[in-house]
Amino acid sequence: MKTIQILGPGCARCNRLEQAAEKAASELGIEHRMEKITDVMRFADFGVMLTPALVVDGEVKASGRVPSHEELKQMLG
Amino acid sequence: MNYKSEYKAAALLLGAFALVYFLPVGVPRFDQSITEALELTKWYAREHVVLCLLPAFWIAGAIGAFVSQTSVMRYLGPQAPKPLAYGVGSVSGTILAVCSCTVLPLFAGIYRMGAGLGPATAFLYSGPAINALAIILTAKVLGIQLGLARALGAILFSVVIGLLMAWLFRNDEREKAVRAMALPPDGTRRPLWQTGVFFATMVGILVFANWSAAPTEGLFATVFAIKWWLTGCLGLVFAALLARWYGLAPGRILLVIAAVAIAAVATGGNGTAAVFVGAIGLAWLTAGRDDESGEWFDQTWSYTRQIMPLLLGGVLVAGFLLGRPGYEGLIPSEWISQSVGGNSLGANLFAALAGALMYFATLTEIPILQGLLGNGMGSGPALALLLAGPALSLPSMLVINSVIGPKKTAAYVLLVVVMATFSGWLYGALF
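Here we take up the overall build of chain B. Tallying secondary structure elements over chain B gives 20 helices and zero strands in all. In terms of overall dimensions, chain B is globule-like: its C-alpha atoms have a radius of gyration of 24 Å, near the 22 Å expected for 431 residues. Seen through its C-alpha atoms, chain B measures out along the principal axes to roughly 70 × 65 × 60 Å. Taken over 431 residues, chain B has a buried fraction of 45%.

Structure representation (structure tokens):
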């Protein structure tokens with residue numbers, strides 16, 4: 001069971017990252033739980049400044065951009 | 001039947017009916033305001049969208065995709081020397097704050113993990129005013145002078161406000177975040193000079209395509225006479241760079257160049273048509289790619305999608321309420337010249353306060369300000385509103401409050417209003 005967290009205050013790119021991550025995760029067929037974090041104050045707990053950011057099992061995998069589909073599969077896999 | 005949702009529908013219907021029933025069609029001022037709204041929107045569509053906004057979106061997208069944000073963030077980290085952090089904080093909005101939704105997370109990050117309250121405040125204040133899109137559109141619509149004053153004023157006052165905030169709260173123990181900054185890997189894939197040349201070419205295209213006729217003979221008039229040749233040459237350079245450094249397919253690029261040339265010739269030398277075809281062509285070249293140029297397209301498109309509808313709505317509302325320059329909308333001109341005309345301290349304060357409380361969606365402050373200026377607003381209060389407006393709004397105050405607490409938020413709001421009033425007054429007195 002993987003925990004996938006999307007950090008973003010709710011902008012268009014954050015939503016895109018969420019969809020892209022969901023797609024990549026289901027393509028890989030991994031069991032996961034998706035959480036969206038929109039509270040700016042909690043970003044700092046992850047050390048994230050540039051949004052949107054992708055956090056997998058507590059580890060920041062990408063921030064400030066939406067990674068490509070292949071990259072996402074690597075980050076999640 | 002689900003009565004709850006039906007009630008909602010009924011209320012909506014009733015509201016719409018009441019609105020139409022009492023619609024003041026035929027009242028001259030209302031009809032005139034509708035005309036003004038449409039006229040202003042048409043004017044924007046014709047004058048600003050293709051030549052100014054489309055290139056500006058591509059430039060903003062390129063900043064997001066090609067400029068390494070990580071290298072800038074280092075200077076805002078906890079170990080950065082303070083003077084450097086203030087300097088970088090005040091100007092880095094140009095490349096870090098292209099989208100309004102990135103400003104607040106960055107502010108919280110710099111405050112809690114990085115260089116502290118001062119540089120974070122400097123960034124928060126200047127970011128919305130000096131991002132690439134805001135500078136370009138302010139200079140185009142409201143004039144170079146006000147555009148420059150806005151950018152320089154924002155940078156200068158952001159440092160002053162940052163220093164004052166740091167000094168006011170110098171005794172506050174800052175809650176240190178345990179985590180270090182998680183910076184994305186440095187994405188620099190080419191030497192700095194290449195990125196520089198690439199951006200200079202794009203900015204050159206933007207500047208020459210928007211070169212306006214000069215009243216007198218001289219260099220400006222000469223450039224105006226050959227502006228489309230200059231734009232075209234830079235366009236060819238741009239195409240060459242895309243093929244050489246960014247790995248776009250040369251065959252496709254040649255097709256786009258041919259299409260642009262055909263558009264220019266077929267419309268009898270209409271530059272707008274050529275630029276439009278060029279922008280569409282660039283989208284065709286970059287969309288759907290899996291490399292950095294694909295990301296460039298994604299960024300550009302998300303700005304376009306986010307900002308165009310807001311701007312369209314903003315222009316319609318501004319036209320309806322305020323009219324084009326020289327015409328009246330719904331609000332009588334006398335009201336405006338009474339409250340924000342001239343350059344009194346009161347007018348500047350009123351403009352700064354109004355700007356601080358009002359919420360301006362990205363870039364909509366520009367058409368609204370244009371309408372106000374056309375109705376007799378002084379240039380000083382205009383700058384005051386430009387400086388206080390995008391930096392603050394009621395919603396952003398709430399978020400800032402959750403990050404730094406009510407005391408610091410109040411001090412920040414007060415400083416912004418006072419600074420904006422003062423700088424507007426100074427600008428109005430000097431120019």
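Structure shown, so let's carry the discussion forward.
With that settled, the discussion passes to the overall build of chain A. Helix and strand counts for chain A come out as three helices and four strands. In chain A, the succession of helices and strands from N to C terminus is β-α-β-α-β-β-α. The C-alpha radius of gyration computed for chain A amounts to 11 Å, which stays within 12% of the reference 11 Å derived for 77 residues, consistent with globular compactness. For chain A, the spread of C-alpha atoms along the principal axes amounts to about 30 × 25 × 15 Å. Expressed as a percentage of the 77 residues in chain A, the buried residues total 43%.

With that out of the way, let us pick up the interface of chain B and chain A. Counting residues at the interface gives 27 residues for chain B and 23 residues for chain A. When residues of the side of chain B that touches chain A are traced back to their parent elements, those giving at least two are α3 (69–73), α6 (100–112), α15 (292–322) and α20 (394–430) of chain B. It is α6 of chain B that contributes the most residues to the side of chain B that touches chain A, eight residues altogether.

Residue and element names in this part refer to chain A. Where strand β1 (residues 2–7) lies against strand β3 (residues 53–56), four bridges are found, and the strand directions are antiparallel. Pairing of Leu7 across the sheet is with Ala53, part of β3. Sheet analysis places β3 next to strand β4 (residues 59–63), joined by four bridges and oriented antiparallel. Its bridge partner lying in β4, Val55 is registered against Val60. In this antiparallel pair of consecutive strands, β3 and β4, the connection spans two residues, and Asp57 shows a positive phi of 50°.

Take the domain arrangement of chain B next. Each assigned domain of chain B is listed here: domain 1 (67–171 + 311–430) and domain 2 (189–290). For domain 1 of chain B versus domain 2 of chain B, the distance between C-alpha centres works out to 32 Å.

Next up on the list: the packing of helix α19 (residues 379–388) of chain B against α20 of chain B. Residue and element names in this part refer to chain B. Interhelical geometry of α19 versus α20 gives an angle of 150° and a closest axis separation of 7 Å. The pairing of α19 with α20 is recorded here as roughly antiparallel in orientation. Here α19 and α20 pass one another in a crossing that is right-handed. Along its contact with α19, which presents Ser379, Gly380, Pro381, Leu383, Ala384, Leu387 and Ala388, the element α20 presents Val416, Val417, Ala420, Thr421, Ser423, Gly424, Trp425, Tyr427 and Gly428. Of the residues in the contact of α19 with α20, the class split is ten nonpolar, six polar and no charged.

Another point: the sheet that holds β3 of chain A. Residue and element names in this part refer to chain A. Taken in spatial order, the four strands line up as β2-β1-β3-β4 in an open sheet, and their pairing is mixed. Here the strands that pair on one side only, and so sit at the sheet edges, are β2 (32–37) and β4. The mean inter-strand angle of the sheet, taken between neighbouring strand axes irrespective of direction, is 20°. Each of β1, β2 and β3 touches helix α1 (residues 12–28); the most contacted strand, β1, lies at about 160° to it. Against the sheet, helix α3 (residues 69–76) engages β1, β3 and β4, with an angle of about 30° to β3.

A separate point is the environment of Ala53 of chain A. All names here are of chain A. Within the element layout of this structure, Ala53 appears in strand β3. Taking the C-alpha atoms as reference points, Ala53 and Arg16, separated by 37 residues in sequence, lie 11 Å from one another. Once you skip the residues sitting within four places of it in the chain, Ala53 turns out to touch Leu7, Phe46, Val48, Val60, Ala62 and Ser63.

Moving on to the confidence of the model for chain B. Scored by pLDDT, chain B has a mean of 85; 94% of the residues are at 70 or more. The complex model carries a pTM of 0.82, and its ipTM stands at 0.75.

Attention shifts here to unusual backbone geometry. Residue and element names in this part refer to chain A. Note that the residue after Thr51, namely Pro52, is joined by a cis bond; omega there is 0°. Here Pro52 is to be found in the loop between α2 (40–46) and β3. For Asp57, which is not glycine, the phi torsion reads 50° and is therefore positive. By the secondary structure assignment, Asp57 is in the loop between β3 and β4.

Turning to the packing of helix α18 (residues 365–374) of chain B against α19 of chain B, a few remarks are in order. Residues and elements named next belong to chain B. One can describe the packing of α18 onto α19 by two numbers: an axis separation of 11 Å at closest approach and a directional angle of 165°. Taken together, the axes of α18 and α19 are roughly antiparallel relative to one another. The interaxial crossing formed by α18 with α19 has right-handed handedness. Two secondary-structure elements touch here, α18 through Glu365, Leu369, Leu372 and Leu373 and α19 through Ala382, Leu385 and Leu386. Class assignment for the residues of the contact of α18 with α19 results in six nonpolar, no polar and one charged.

Bringing the nonpolar core into the picture now. All names here are of chain B. Membership of the largest hydrophobic core comes to 138 residues, with the highest contact counts inside it found for Ala56, Phe107, Ala388 and Val416. Residues from two domains meet in this core; each of domain 1 (67–171 + 311–430) and domain 2 (189–290) gives at least three. Filtering out sequence-adjacent residues up to four positions away, Val416 remains in contact with Tyr125, Ile161, Ala356, Ala388, Ala391 and Leu392.

Rules of the game
- Residues numbered from 1 in each chain as written.
- Chains lettered and ligands numbered in written order.
- Predicted model: local features only at pLDDT ≥ 70, side-chain atom pairs only at ≥ 80, totals over all residues.
- Helix = DSSP H or I, 4+ residues; strand = E, 2+ residues; numbered from the N terminus.
- Rg over C-alpha atoms; globule rule 2.2 N^0.38 Å.
- Buried ≥ 20, exposed ≤ 12 C-beta atoms within 10 Å, placed from the backbone.
- Contact = placed C-beta atoms within 7 Å.
- Pairing = 2+ DSSP bridges.
- Domains from an automatic or database assignment.
- Axes fitted to C-alpha atoms, helices over the stretch in contact; angles between N-to-C directions.
- Parallel < 35°, antiparallel > 145°, perpendicular 65-115°, else oblique.
- Left-handed = near helix turned anticlockwise from the far one by under 90°.
- Nonpolar A, V, L, I, M, F, W, Y, C, P; charged D, E, K, R; others polar.
- pLDDT = per-residue confidence, 0-100.
- Core = buried A, V, L, I, M, F, W, Y, C linked by C-beta atoms within 7 Å.

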